[in-house]
Amino acid sequence: MNKTSPCMKNGVSFINGNNVEVDRIGSLPDELLTHILSFLSTKEAVQTCVLSKRWKNKWAAVPILNINKMDFLEFRDDDCSGEDDDCSGDRNEEEKMAVARFEQFMTSFLDNRAPTNLDIVRYRLHIESFEHDVSIGWLDRVALLMPWKIKIFITCYRGIVVDMPDLVFSCANLWHFSMNLSTNVKTIIKPVSLNLPSLKFLELTGVELHDDFAEKLFMGCPSLERLKLCRCDLHFAGISSKVLKGLALINCSLYEQMQICCPHLVILLMGIDLARGAISLKNMSSLVNVLIGLDLGDDDVPNLNLLGCLSNAAELVLYVVTPVMKERLEKDMRNCINLNNLKKLVMGVRWDMCSDFYLIACLLKHSPNLKELELLLDESLCLMQKPQQEVSGDVVFQHEYLETVKMYDLYGTVGELSMELVTAMMKTLDSYVKKIGNCVIF
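Residue indices follow the written sequence of each chain, beginning from 1 at its first position. Two thresholds apply to this predicted model, a pLDDT of at least 70 for residue-level local features and 80 or more for giving and counting side-chain atom pairs, whereas whole-chain, interface and lining totals are computed over all residues. Calculated side-chain values reflect all of the structure's heavy atoms, with hydrogen atoms and water omitted.

### Overview of the overall build of the chain
Rules: Here a helix means four or more residues in a row that DSSP labels H or I, a strand means two or more in a row labelled E, and each is numbered from the N terminus. For each residue, the accessible area found with a 1.4 Å probe, counting protein chains only, is set against the maximum for its type, and the residue is called buried under 20%, exposed over 50%, and partly exposed in between. Any two residues having at least one pair of non-hydrogen atoms within 4.5 Å are treated as being in contact. Methods summary: accessible areas were calculated by the Shrake-Rupley approach with a probe of 1.4 Å, and residue burial reflects only the protein chains presented.
For the chain, the count of helices and strands is eight helices and 25 strands. Among the 442 residues that make up the chain, the fraction classed as buried is 46%. Pairs at least 24 residues apart make up 65% of the contacts formed inside the chain by residues separated by at least 6 positions. Per element, the accessible surface of the chain, about 21,800 Å² overall, is 50% carbon and sulfur.

### Here we look at the packing of aromatic side chains
Between two aromatic rings, the relevant description is the distance of the centres plus the angle of the planes. Our working rule: Think of it this way: a Phe, Tyr or Trp ring, Trp meaning its six-membered ring, pairs with another when their centres are within 6.5 Å, and the plane angle makes it stacked under 30 degrees, edge-to-face over 60, tilted otherwise. Here, a charge over a ring means that NZ of Lys or CZ of Arg falls within 6 Å of the ring centre while also lying within 35 degrees of the ring normal.
In the structure shown here, the tally under the stated rule is ten aromatic pairs. Measuring from ring centre to ring centre gives 5.8 Å for Phe102 and Trp138, while their planes differ by 80°; the resulting arrangement is edge-to-face. Residue Phe102 is located in helix α3 (residues 88-112), and its partner Trp138 is located in helix α4 (residues 138-143); the two are separated by 36 residues in the primary sequence. Counting every residue linked through ring pairs, the aromatic cluster contains Trp59, Phe72, Phe102, Phe105, Phe109, Tyr123 and Trp138. Taking the ring centre of Phe153 as reference, the NZ or CZ of Arg124 above it sits at 4.3 Å.

### Things to note about helix α6 (residues 323-332)
Taken across its ten residues, α6 has seven buried, putting it largely inside the fold. The set of residues buried in α6 consists of Val324, Met325, Lys326, Arg328, Leu329, Glu330 and Asp332. Check the buried side of α6 and you find it contacts β20 (289-295), β21 (315-320) and α7 (358-365).

### Description of helix α5 (residues 211-220)
Residue pairs three or four apart in sequence face the same way in an α-helix, which turns once every 3.6 residues. Among all positions in α5, only Phe213, Ala214, Leu217, Phe218 and Gly220 are buried. Tucked into the core, α5 has its buried residues touching β11 (201-205), β12 (207-210), β13 (226-230) and β15 (238-240).

### Considering a nonpolar patch on the surface
Worth spelling out the cut-off: Surface patches are defined over residues having more than 30% relative accessible area and no salt bridge, joining like charges when they lie within 9 Å and nonpolar side chains (Val, Leu, Ile, Met, Phe, Trp, Tyr) when within 5 Å. A side-chain nitrogen of Lys or Arg and a carboxyl oxygen of Asp or Glu constitute a salt bridge if their distance falls within 4 Å.
Residues Val266, Ile267 and Leu269 make up a contiguous nonpolar surface patch of about 190 Å² in total accessible area. Tracing the sequence through the fold places Val266 in the loop between β17 (257-261) and β18 (267-273).

Here it is as structure tokens:
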């Protein structure tokens, strides 16, 4: 008895070249079809409505809104591949048309979709050729569908301002909100009200924030556990929360005297330009992992108050890249109590550590249980012919034992540290550490 095996083409089975009326993809359960469609962009998912009657409204059940302005471009850069082609005018006009097509699509999408809840919203907009303010007013209608996660990416190399709708800041189900704006002009986030009772994670990039936003944030987000601000201009004086567990301030500019008071904070990452401000820590007894890198370019920056709140930290990373920051940290050592839980210390420095080891010596003295020391060095600043600076009496001591000492090039170049520098650093360390287990050079 001859057996024939079916083959598949476009989801339909064929045997011996004859069409067998079995649509294997179309016959899948509704839940599985919806899951498959969730991996497509929303525009692609909507386009499946022409496949058959069964597919007509399947897109409307997809719980993910995934849209990208690039999906609405009909003119592409590769259409102007010739050296003499000047397509700037065409590109400018096409980007305007793409925005118009997108807005028309969103209106039709929301008009024809049943008001069932969305789970995830992803929106990406990239503008190169024309300058205008960006409106995402459609997000108000999307917020009514109670998504639990919203991610927005907007990139523009021109001076635009993003018009943020207010309803997104009053979405009861929202627990993850991420907005990344890469524009020449920072958008001021200033909602009329802020009421996000379920919000646990907030990430804002490339925006400007003032006191009124900070006050509303911590009053209106009682469950907020992780806050990440990147490339933001900060014009507020405090971050105070009893529930916040993770805080990251990365490449931000601070224009006020800021105090951070978060008793349950576990992770703190700070890379801040103190443009016209200063920063201090208070009541941070739960801190375990800390990274601090501050740009203090002016001599009139007030003294820091940081090290005295790190008593329970297990890992501390300090990037000391300006003479002013080094001086302020040395003064702040007076506030430092013993770092009894500190197991790992990482120091990235831009001075001659061979001749000025005072700051690190102070940290070693206050870290009796330290196991690992990592030094990120700028060899161009290490003038090993200079005599070692005489250390003051408050750091005349010897740390009992370090399991590991690691040395890296500050800029990440493998193999750039010379043996002369390594030898000089080990000689300096021998003055402060009785025994070193392993020395690793990268």
